[in-house]
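Fold and contact review
Here are the chains, one letter per residue:
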Amino acid sequence: MTRLDSTSSLISNSTRPEDILNLPHRKVNSICCIGAGYVGGPTCAVIAAANPHINVQIVDVNQSRIDAWNSDVLPIYEPGLAETVAKSRNRNLFFSTNVSQAIEEADLIFVSVNTPTKKSGMGRGFAADLGYVEAATRQIAKIAKSDKIVVEKSTVPCRTAQSIRLILEANSRSGVHFDILSNPEFLAEGTAIQDLMHPDRVLIGSQDTVAGFSACASLAEVYSAWVPRDKIITMNVWSSELSKLAANAMLAQRISSINALSAICEATGADVDEVAHAVGLDSRIGPKFLKSSVGFGGSCFRKDILNLVYLSESLNLPEVAAYWRQVVEMNEYQKFRFARKVLHSLFDTMSNKRIAVFGFAFKKDTGDTRESAAITLVQSFAEEMASVAIYDPKVEERQVWLELTSNDTDIEAKVKERVTICNSALEAAGGADAIVIATEWDEFKDTNLNYADVYRVMNKPAFIFDGRSILNAGVITDIGFKLHTIGKGTEGRFE
Ligand SMILES: NC(=O)C1=CN([C@@H]2O[C@H](COP(=O)(O)OP(=O)(O)OC[C@H]3O[C@@H](n4cnc5c(N)ncnc54)[C@H](O)[C@@H]3O)[C@@H](O)[C@H]2O)C=CC1
Ligand SMILES: O=C(O)[C@H]1O[C@H](OP(=O)(O)OP(=O)(O)OC[C@H]2O[C@@H](n3ccc(=O)[nH]c3=O)[C@H](O)[C@@H]2O)[C@H](O)[C@@H](O)[C@@H]1O
């Protein structure tokens, strides 16, 4: 039995109570979310819609982002997001840059700021830059006049909660008490609202103290407005923090595994989709996340795995570090291998050729381009002196230029000599020698796009390099295209 001693905040040598969610706890009336990004915005919009009695303020230092959240054109594209925001905005859901006021008024604060990979100093290129988390934490300590539950929503290295505690305790007013929880987010972009509405699990990590368990119950009550109780799981903070890195590492590992197999398929005449189907029918393996691609992108897989690599190295576990690093290296190899295949098929020269790149987002149904494989492909084609025509239905033009030029004016001039951005797939394909499908948008499928029309406007031979395996090979080759599909053997197609 667990010993719960109400006079002491610390329970020593205790196990976590099984009925943690039913423990006496403080009701949450007001929530602040620091960070109005891809996670903070959708997550707290769903919380507000499910808890009309809770006042939810999402705050950010970025004025234009907040202005967009308050407008008809939200700063991020997610199916179902606009409808969810509309349910509560200006009722119990507010977007503002007044971070201090929101902190002061909240019972519970989500820290949902960015945790990018460090660009300089020790751990450069691997470790997480926790500067934004620290700045938010210091502001909470400075502003808070009453007890707060502080929730790590950002993905952080294992034991970050300890740093947050130290900063809060060293800088807060006397008598103000903080409970720190870990509540990592597992949503995927493009399906964020669905994932939030029907999560596989909600994970809450807390300190093994009476106060920690009680804070855990407070947060669990917020989620239980729409998430079944058996899907809300609790554990210690360190396990919770590590579980998030582990989940992303294992998801990315599956993609690198199937992509490694795709190289074997192409060399042997096997079909990676058939292999994935056969393998995925084993209930121990399962069918999801076995889609071979031109390489995974997105803001988190690479950064979180490198974070795990850094953690392993810091713990003097070099073999473990090397194991996880290979997942990222395989992903780089996949992008390189695909770019090389395009070059080789175009008779080893791209100069004076036009390449149409279909899709620039890192996956369909999002306008997010962070770490998108398309960036590497476009850069590699431009280096081969191709002229590259990009079309993506949701990515804004300025975002494409930002990814390709990093706001460097010298680079920008060179890039703009080679790259153009188009308003439709057909426009991008006009006069092109090859199409490269980099993102699996539904509108690029042969059931939605008239590839006979596309073929007509292209130079011949007209090539398609399907990096997402979305096209029906028979339909495409019957039109006259030369088709290469990632992970498909060359038999019946071109060499
Ligand atoms: N993007 C995704 O799909 C997922 C991301 N995560 C994690 O969630 C965290 C946030 O990710 P995103 O929402 O994608 O990042 P993001 O970059 O879209 O948003 C973070 C926001 O925090 C704001 N910010 C930074 N410091 C601030 C401060 N001191 N005060 C107020 N605002 C501040 C920034 O201006 C930015 O708008 C990261 O740790 C990420 O690894 C976790 C699951 C999914
Ligand atoms: O921590 C995060 O940021 C999130 O990272 C991923 O979500 P996300 O990156 O938004 O999207 P995914 O659907 O995981 O796709 C990531 C990349 O892998 C690629 N992918 C995915 C699945 C697959 O079978 N094959 C494949 O190549 C996608 O095209 C995309 O480029 C995880 O799926 C989320 O659970 C996690 O919360």
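I will try to describe carefully the structure that is included in this document. Being a predicted model, the structure only gives us computed values, none of them experimental.

Analysis parameters
- Residues numbered from 1 in each chain as written.
- Chains lettered and ligands numbered in written order.
- Predicted model: local features only at pLDDT ≥ 70, side-chain atom pairs only at ≥ 80, totals over all residues.
- Heavy atoms only, no water.
- Core = buried A, V, L, I, M, F, W, Y, C linked by side-chain atoms within 4.5 Å.
- Buried < 20%, exposed > 50% of the residue type's maximum accessible area, 1.4 Å probe, protein only.
- Helix = DSSP H or I, 4+ residues; strand = E, 2+ residues; numbered from the N terminus.
- Contact = heavy atoms within 4.5 Å.
- Near = heavy atom within 4 Å.
- Polar contact = N/O pair within 3.5 Å; in protein donor to acceptor, adjacent residues only side chain to side chain.
- Areas by Shrake-Rupley, 256 points an atom, 1.4 Å probe, with all protein chains shown as cover.
- Nonpolar A, V, L, I, M, F, W, Y, C, P; charged D, E, K, R; others polar.
- Domains from an automatic or database assignment.
- 1 Å grid on protein atoms, 1.4 Å probe; cavity = no way out; pocket = protein on both sides within 12 Å on 5 of 7 lines; lining within 4 Å.
- Points joined across faces, edges and corners; volume = space filled by probe spheres on them.
- Axes fitted to C-alpha atoms, helices over the stretch in contact; angles between N-to-C directions.
- Parallel < 35°, antiparallel > 145°, perpendicular 65-115°, else oblique.
- Left-handed = near helix turned anticlockwise from the far one by under 90°.

1. Here's the deal with the nonpolar core
What tends to happen in soluble globular proteins is that the nonpolar side chains get buried as a cluster. Counting residues in hydrophobic clusters, the biggest one holds 57 residues, and the most contacted among them are Phe358, Phe381 and Tyr451. The leading source of residues in this core is helix α13 (residues 373–383), at six residues. Non-local contacts of Phe358, meaning those with residues more than four positions away in its chain, are made with Tyr391, Ala425, Ala428, Ala429, Ile435, Val436, Ile437, Ala438, Thr439, Phe444, Leu449 and Tyr451. In terms of nonpolar packing, the next biggest core, distinct from the first, is built from 45 residues, Cys44, Ile204, Cys216 and Ile232 among them.

2. What to know about the site of ligand 1
Around ligand 1, a shell composed of 25 residues is seen, among which Asp60, Arg65, Thr115, Glu189 and Lys303 lie nearest. Val39 is positioned such that a nitrogen or oxygen atom in its backbone is 2.9 Å from an oxygen atom of ligand 1. At 2.6 Å from an oxygen atom of ligand 1 is found a side-chain nitrogen or oxygen belonging to Lys303. With the chains in place, 91% of the 830 Å² that ligand 1 exposes on its own is no longer accessible. Looking at side-chain class alone, the shell around ligand 1 contains nine nonpolar, nine polar and seven charged residues. Here the shell around ligand 1 gathers at least three residues from each of two domains, domain 1 (18–227) and domain 2 (282–485).

3. Description of the side chain of Lys153
Within the secondary structure layout, Lys153 lies in the loop between β5 (148–152) and α6 (160–171). With relative accessibility at 4%, the residue Lys153 sits in the buried group. Within the local environment of Lys153, its side chain forms a polar contact with the side chain of Glu185, the two groups lying 3.0 Å apart. When near neighbours in sequence (up to four residues on either side) are disregarded, Lys153 contacts Val39, Thr43, Phe110, Val111, Ser112, Asn183, Pro184, Glu185 and Tyr223.

4. Notes on the layout of surface pockets
In this approach the atoms are scanned with a rolling probe the size of a water molecule, which exposes any empty space left behind. There is about 270 Å³ of room inside the second largest pocket. Around the second largest pocket sit 13 residues that line it, and Gln379, Ala382, Leu404, Ile411 and Val415 are the ones nearest its centre. Contributions of two or more residues to the lining of the second largest pocket are made by α13, α14 (397–405) and α15 (409–418). Broken down by element, the residue count for the lining of the second largest pocket peaks at five residues, all from α15. A breakdown of the residues in the lining of the second largest pocket according to their chemical character gives six nonpolar, two polar and five charged.

5. Looking at empty space enclosed by the protein
One pass over the full model with this rule turns up two cavities of 30 Å³ or more. Within this model, the largest cavity holds a volume of roughly 40 Å³. As for the largest cavity, its lining consists of Phe296, Gly297, Gly298, Arg302, Asn331, Glu332, Lys335 and Glu371. Broken down by element, the lining of the largest cavity gets its largest block of residues, three residues, from helix α12 (residues 318–345). Residue classes in the lining of the largest cavity are distributed as one nonpolar, three polar and four charged. Looking at the second largest cavity, the residues that line it are Glu152, Ser154, Thr155, Val156, Ser182, Pro184, Glu241 and Lys244. For the lining of the second largest cavity, the class distribution of residues is two nonpolar, three polar and three charged.

6. Focus on the packing of α12 against α13
Following both chains from N to C, one finds α12 and α13 inclined at 40°, their axes separated by 10 Å at the closest point. With respect to each other, α12 and α13 are oriented oblique. When you trace α12 past α13, the crossing you get is right-handed. The residues of α13 that touch α12, namely those facing Lys335, Phe338, Ala339 and Val342, are Ala373, Thr376, Leu377, Ser380 and Phe381. Of the residues belonging to the contact of α12 with α13, the class tally is six nonpolar, two polar and one charged.

7. Overview of the environment of Arg468
Topologically, Arg468 is positioned in the loop between β13 (463–466) and α18 (473–479). Relative accessible area serves as the criterion here: at 11%, Arg468 is assigned to the buried category. Separated by 29 residues in sequence, Arg468 and Thr439 place their C-alpha atoms 6.7 Å apart. Side-chain polar atoms of Arg468 contact the backbone oxygen of Ala438, separated by 2.9 Å.

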